[in-house]
Amino acid sequence: MEEKPKGLPRLKLYTKDPCPLCDELKEQLAPYQDRLQIVPVDITAPENSQYRKLYRYEIPVVFLEDRFVCKHRLDVSALERRLSQLEALQ
């Protein structure tokens, strides 16, 4: 099991390269780097074939601590809401 640095909540970003929408979303996540552990998951990697089937036409897809947040574009209000809830529990 992977250990989270500094106890930061884990944000999984399902992505691939190239993906202009994913690149845009990554830029939008930059201000959150001190509040989140951002884990990119390349859906084109052979070991991620199950995610390729699920998210092929949906990327980027964002999950925070295994709960869906948004897809296609960053929903800042949903991310802030979930992140604040998690931070309140710490």
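Thresholds applied
- Residues numbered from 1 in each chain as written.
- Predicted model: local features only at pLDDT ≥ 70, side-chain atom pairs only at ≥ 80, totals over all residues.
- Heavy atoms only, no water.
- Helix = DSSP H or I, 4+ residues; strand = E, 2+ residues; numbered from the N terminus.
- Rg over C-alpha atoms; globule rule 2.2 N^0.38 Å.
- Buried < 20%, exposed > 50% of the residue type's maximum accessible area, 1.4 Å probe, protein only.
- Contact = heavy atoms within 4.5 Å.
- Areas by Shrake-Rupley, 256 points an atom, 1.4 Å probe, with all protein chains shown as cover.
- Lys, Arg positive; Asp, Glu negative; His and termini not counted.
- Charge placed at Lys NZ, Arg CZ, Asp CG, Glu CD.
- Patch = residues over 30% accessible without salt bridge, like charges linked within 9 Å, V, L, I, M, F, W, Y side chains within 5 Å.
- Salt bridge = Lys/Arg side-chain N within 4 Å of Asp/Glu carboxyl O.
- Pairing = 2+ DSSP bridges.
- Axes fitted to C-alpha atoms, helices over the stretch in contact; angles between N-to-C directions.
- Phe/Tyr/Trp six-rings, centres within 6.5 Å; stacked < 30°, edge-to-face > 60°.

1. As for the overall build of the protein
Item 1. Regarding its fold elements, the protein presents 3 helices and 4 strands.
Item 2. Along the protein, from the amino end to the carboxyl end, the secondary structure elements read β-α-β-α-β-β-α.
Item 3. The C-alpha radius of gyration of the protein comes to 13 Å, within 12% of the 12 Å expected for a compact globule of 90 residues.
Item 4. Considered along the principal axes of its C-alpha atoms, the protein spans approximately 35 × 30 × 20 Å.
Item 5. For the protein, the proportion of its 90 residues judged to be buried stands at 39%.
Item 6. Of the contacts formed within the protein by residues at least 6 apart in sequence, a portion of 66% connects residues at least 24 apart.
Item 7. Surface accessibility of the protein: about 5900 Å² in total, with carbon and sulfur atoms responsible for 51%.
Item 8. Of note, the protein has its 15 positive side-chain charges centred 5 Å away from the centre of its 15 negative side-chain charges.

2. Digging into a positive patch on the surface
Item 1. A cluster of like positive charges, contributed by Lys16, Arg52, Lys53 and Arg56, occupies part of the molecular surface.
Item 2. Examined against the element boundaries, Lys53 turns out to sit in helix H2 (residues 49–55).
Item 3. On the basis of relative accessibility, which here comes to 74%, the residue Lys53 falls in the exposed class.

3. Thoughts on the sheet that holds strand S3 (residues 61–64)
Hydrogen bonds between backbone atoms are what pair the strands of a sheet, whose relative direction is either parallel or antiparallel.
Item 1. Spatially, 4 strands are ordered S2-S1-S3-S4 in an open sheet, and the strand pairing comes out mixed. The open sheet has two edge strands, strand S2 (37–42) and strand S4 (67–71), and neither has a second partner. Here the strands of the sheet are splayed against their neighbours by 25° on average, with no regard to which way each runs.
Item 2. Here S3 pairs with S4 via 4 bridges, running antiparallel. Bridged to Val61 within S4 is Lys71.
Item 3. Helix H1 (residues 20–29) contacts strand S1 (10–15), S2 and S3 of the sheet and is inclined by roughly 160° relative to S1.
Item 4. Sheet strands in contact with helix H3 (residues 76–89) are S1, S3 and S4, and its direction is about 20° off that of S3.

4. A look at the packing of aromatic side chains
Item 1. A complete count under the given rule lists 6 aromatic pairs for this structure.
Item 2. Look at Tyr14 and Tyr51: their rings are 4.8 Å apart centre to centre, the planes differ by 50°, and that puts the pair in the tilted class. Taken together, the residues Tyr14 in strand S1 and Tyr51 in helix H2 connect sequence positions 37 residues apart.
Item 3. With a relative accessible area of 5%, Tyr14 lands in the buried category.
Item 4. Aromatic rings pair up to connect Tyr14, Tyr51, Tyr55, Phe63 and Phe68 into one cluster.

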